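Remarks on the overall topology
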Amino acid sequence: MGRTLFLPPSLKIVAAAVAAFLVWGLVLAYASSLAHAATTYIVDRTDDPDLSTTPTAGACTAAAADDCSLRGAITAANANAGDDTIDLLGVSGTVNLTGALPDLSSNIEIKGPGADKLTVRRNTGGDYRIFHVTFSVVSISGITISNGNPVSAVEDFGGGIENAGGTLTITNSTISGNTAEFGGGISSNSGSVTVTNSTISGNTAEFDGGGIYNIFGPLTVTNSTISDNTACCSFG
């Protein structure tokens, strides 16, 4: 015959409290997973307005047109803890930057329509590089990165891209016409860089690494062209 277990009132209270605590923990975990869910930000404009004066360019919702610039998408992705995607597949032409972009400080995949279809370049707003990766996992594909020049910056590394301790993957892209003291095209310090099916050419370093300047981390280049880069002193 089965036995019925009778708990004293004090133990019943404890058991109920433990059950409630476990349920609340599951609710919090679920809410956290939703808050940190991966998000895709679809860029639908190539201009680069100041988000403080044109906040609609940084809304990056799927509900409205012309509400997501590259700058707005990076800002939104950095604010989200998930592994996010910035989708540039639907735009073409040139993104003429009006100032330095926000650092790529969270895990972000940037997907462009092709290096021959979309260029991201420094236009106005002083001297600055195009992308700055900071201790995050970033992949960039299908774009051209051009005219970056952080020569007047305190840390003059990476005209096209500076990778500071991150994991950077470049695929099907072109990095050209950029300038820096170290790493005209790409500079990487204490991170890793993988370049595949890409071209790094026509970049200039005032000191070392016209195409790529890499220290304290692995560099892998596959099926890519690195040519016609110049440097003052070594590692052109």
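Residues numbered from 1 in each chain as written. Predicted model: local features only at pLDDT ≥ 70, side-chain atom pairs only at ≥ 80, totals over all residues. Heavy atoms only, no water.

Another aspect to go through is the state of the cysteines. This model, assessed by the stated rule, comprises 1 disulfide. Here Cys60 is linked by a disulfide to Cys68, with a sulfur-sulfur distance of 2.2 Å. On the sign convention where negative is left-handed, the bridge of Cys60 and Cys68, at about 80° about the S-S bond, is right-handed. Residue Cys60 shares its accessibility class with Cys68, and that shared class is buried. (Disulfide = S-S within 2.5 Å. Buried < 20%, exposed > 50% of the residue type's maximum accessible area, 1.4 Å probe, protein only.)

Before going further, it helps to examine the sheet that holds strand S18 (residues 219-222). Spatial strand order, S1-S2-S4-S7-S10-S14-S18: 7 strands in an open sheet with parallel pairing. Only two strands of the sheet have a single partner each, and these edge strands are strand S1 (40-42) and S18. Here the average twist between neighbouring strands, direction ignored, is 10°. The pairing of S1 with strand S2 (residues 84-87) spans 3 bridges and is classified as parallel. Across the sheet, Ile42 pairs through a bridge with Asp87, a residue of S2. Strands S1, S2 and strand S4 (108-111) of the sheet are contacted by helix H2 (residues 70-79), whose axis makes an angle of about 175° with S2. (Pairing = 2+ DSSP bridges. Helix = DSSP H or I, 4+ residues; strand = E, 2+ residues; numbered from the N terminus. Axes fitted to C-alpha atoms, helices over the stretch in contact; angles between N-to-C directions. Contact = heavy atoms within 4.5 Å.)

Counting residues in hydrophobic clusters, the biggest one holds 37 residues, and the most contacted among them are Phe131, Ile140 and Ile161. Of all the secondary structure elements, the ones that give two or more residues to this core are H2, strand S3 (93-97), S4, strand S5 (118-122), strand S6 (131-134), strand S7 (137-141), strand S10 (167-171) and strand S14 (192-196). At 5 residues, the largest contribution of residues to this core is made by H2. When neighbours within four sequence positions are excluded, Ile140 is seen to be in contact with Ile110, Phe131, Ile145, Ile161, Leu168, Thr169, Ile170, Thr171 and Ser173. (Core = buried A, V, L, I, M, F, W, Y, C linked by side-chain atoms within 4.5 Å.)

Take a nonpolar patch on the surface next. A surface patch of nonpolar side chains, about 220 Å² in accessible area, is lined by Leu219, Val221 and Ile226. Among the secondary structure elements, Val221 is positioned in strand S18. Assessed through its relative accessible area of 36%, Val221 is described here as partly exposed. (Patch = residues over 30% accessible without salt bridge, like charges linked within 9 Å, V, L, I, M, F, W, Y side chains within 5 Å. Areas by Shrake-Rupley, 256 points an atom, 1.4 Å probe, with all protein chains shown as cover. Salt bridge = Lys/Arg side-chain N within 4 Å of Asp/Glu carboxyl O.)

This next bit is on unusual backbone geometry. At Asn172, a position not held by glycine, the phi torsion is positive, near 50°. Assignment of secondary structure puts Asn172 in the loop between S10 and strand S11 (174-176). Judged by relative accessible area, which is 41%, Asn172 ranks as partly exposed. Phi at Asn197 takes a positive value of approximately 50°, unusual for a residue other than glycine. Along the polypeptide, Asn197 turns up in the loop between S14 and strand S15 (199-201).

Ordered in space as S3-S5-S8-S11-S15-S19, the 6 strands form an open sheet in which the pairing is parallel. Both edges of this open sheet fall to S3 and strand S19 (225-227), since each of them pairs with a single strand only. Across the sheet, the axes of successive neighbouring strands diverge by a mean angle of 10°, strand direction being ignored.

Once that is clear, we can look at the environment of Val193. Relative to the helices and strands, Val193 resides in strand S14. Linking Val193 and Ile170, residues 23 residues apart in sequence, is a C-alpha distance of 7.8 Å. Here Val193 is in contact with Asn163, Leu168, Ser188, Pro218, Leu219 and Thr220, once residues within four sequence places are set aside.

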